[in-house]
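# Structure at a glance
So you can see what is in the structure, the chains are spelled out below.
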Amino acid sequence: MKLLLVEDNEAIILGLEYLLKEEGFSCKVARTKKEAEKAVCDDGFDLILLDVTLPDGDGFALCRSFKKNGDIPVIFLTAKEEERDVVQGFELGADDYIIKPFRNRELISRIRNVLRRCGKGNEVLSCGALKMDTAAGKVYREGAEISLTKLEYKILHIMMKNQGRLFPREEILSQIWDVTGNFVEDNTLTVTVKRLREKIGDDGSLIKTIRGIGYRMDRKAEADHE
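To keep things clear, this report deals only with the structure shown in the data block. (Residues numbered from 1 in each chain as written. Predicted model: local features only at pLDDT ≥ 70, side-chain atom pairs only at ≥ 80, totals over all residues. Heavy atoms only, no water.)

### Some remarks on the overall build of the chain
The secondary structure content of the chain amounts to nine helices and 14 strands. Classification of the 226 residues of the chain by burial places 43% in the buried group. Expressed as a percentage of contacts within the chain between residues at least 6 apart in sequence, the contacts between residues at least 24 apart total 56%. Carbon and sulfur atoms provide 48% of the accessible area of the chain, an area that totals close to 11900 Å². Side-chain charges in the chain split into 37 positive and 40 negative, and the spacing between the mean points of these groups amounts to 3 Å. (Helix = DSSP H or I, 4+ residues; strand = E, 2+ residues; numbered from the N terminus. Buried < 20%, exposed > 50% of the residue type's maximum accessible area, 1.4 Å probe, protein only. Contact = heavy atoms within 4.5 Å. Areas by Shrake-Rupley, 256 points an atom, 1.4 Å probe, with all protein chains shown as cover. Lys, Arg positive; Asp, Glu negative; His and termini not counted. Charge placed at Lys NZ, Arg CZ, Asp CG, Glu CD.)

Laid out in structure tokens, this is it:
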């Protein structure tokens, strides 16, 4: 899921960028009303997290514009907590209104709830005996749930969402982070893929190693399984 964060507080931006990436979301940041308008015009987003107070305008006007020109889900994320502000937000078509300071787990839960209501968060991916429920963040093999680390889940998600595509190691590394928010080292990627294969019961027919280049999840595995 691709999110647009409209926020000008750098501390909040850093925290939310890390949190959202950890939860598997792609996040683009707009620090002003003008940047947000350009971002929405240039790109497509599954959901917008929107502050009300911005350096060059207010989020209420932005929400009105977004809802008038499309149907992107909008969640207000703001310190403006008076009843009239909350009511105004919902009257403008906001899908949720969250008041700062917020709790991380609650925020993620409410983002996923909005995405599900809008039909955007219930993606189920499959390859062979594997199924991944992205809304629940769970992976199953022949109906039995497999326990994966966050890093293993991220790598498998990349592979399952892009079956048949060759991913160079450098591209995978650029998309994943470890639990401390640091880039994953090349050796760690090798070890993680090895453990992932063991957990999903892959003998090399699902995630193929393209020596000297990277990895590919083979679509043929699904046909073989059937």
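After that view, the rundown keeps rolling.
### Examining the pattern of salt bridges
Under the criterion given, the structure shown has 21 salt bridges. Of the charged contacts in the structure, one is a salt bridge between Arg-103 and Glu-106, with a shortest N-O distance of 2.9 Å. Exposure remark for Arg-103: the relative accessible area of 62% places this residue in the exposed category. Two residues, Lys-208 and Asp-218, come together in a salt bridge whose shortest N-O distance is 3.9 Å. With Lys-208 in strand β13 (residues 207-210) and Asp-218 in the loop between β14 (214-217) and α9 (220-225), the pair connects residues that are ten residues apart, well separated along the chain. Lys-208 gets classed as partly exposed once you look at its relative accessible area, which sits at 25%. A network of salt bridges, in which partner residues are shared, links Asp-96, Arg-103, Glu-106 and Arg-110. (Salt bridge = Lys/Arg side-chain N within 4 Å of Asp/Glu carboxyl O.)

### What to know about helix α4 (residues 83-91)
Buried within α4 we find Asp-85, Val-86 and Gly-89. Down the axis of α4, the smallest arc covering the buried residues is 100°, so these residues share one side. Among the exposed residues of α4, those oriented more than 90 degrees off its buried face are Glu-83, Arg-84 and Glu-91. Looking at the packing, one finds that the buried side of α4 touches α3 (59-69), β6 (74-78) and β7 (96-99). (Arc of directions from axis to C-beta.)

### Quick notes on the sheet that holds β7
Whether parallel or antiparallel, the strands of a sheet pair through hydrogen bonds between backbone atoms. Across the sheet, five strands lie side by side as β2-β1-β3-β6-β7; this open sheet has parallel pairing. Edge positions in the sheet fall to β2 (26-30) and β7, since each of these pairs with one other strand and no more. On average, adjacent strands in this sheet sit at an angle of 20° to one another, irrespective of strand direction. Note: strand β3 (residues 47-50) against β6, three bridges, orientation parallel. Looking across to β6, one finds that Leu-50 is bridged to Phe-76. On the sheet, helix α1 (residues 10-22) packs against β1 (2-6), β2, β3 and β6 and is oriented at approximately 160° with respect to β2. (Pairing = 2+ DSSP bridges. Axes fitted to C-alpha atoms, helices over the stretch in contact; angles between N-to-C directions.)

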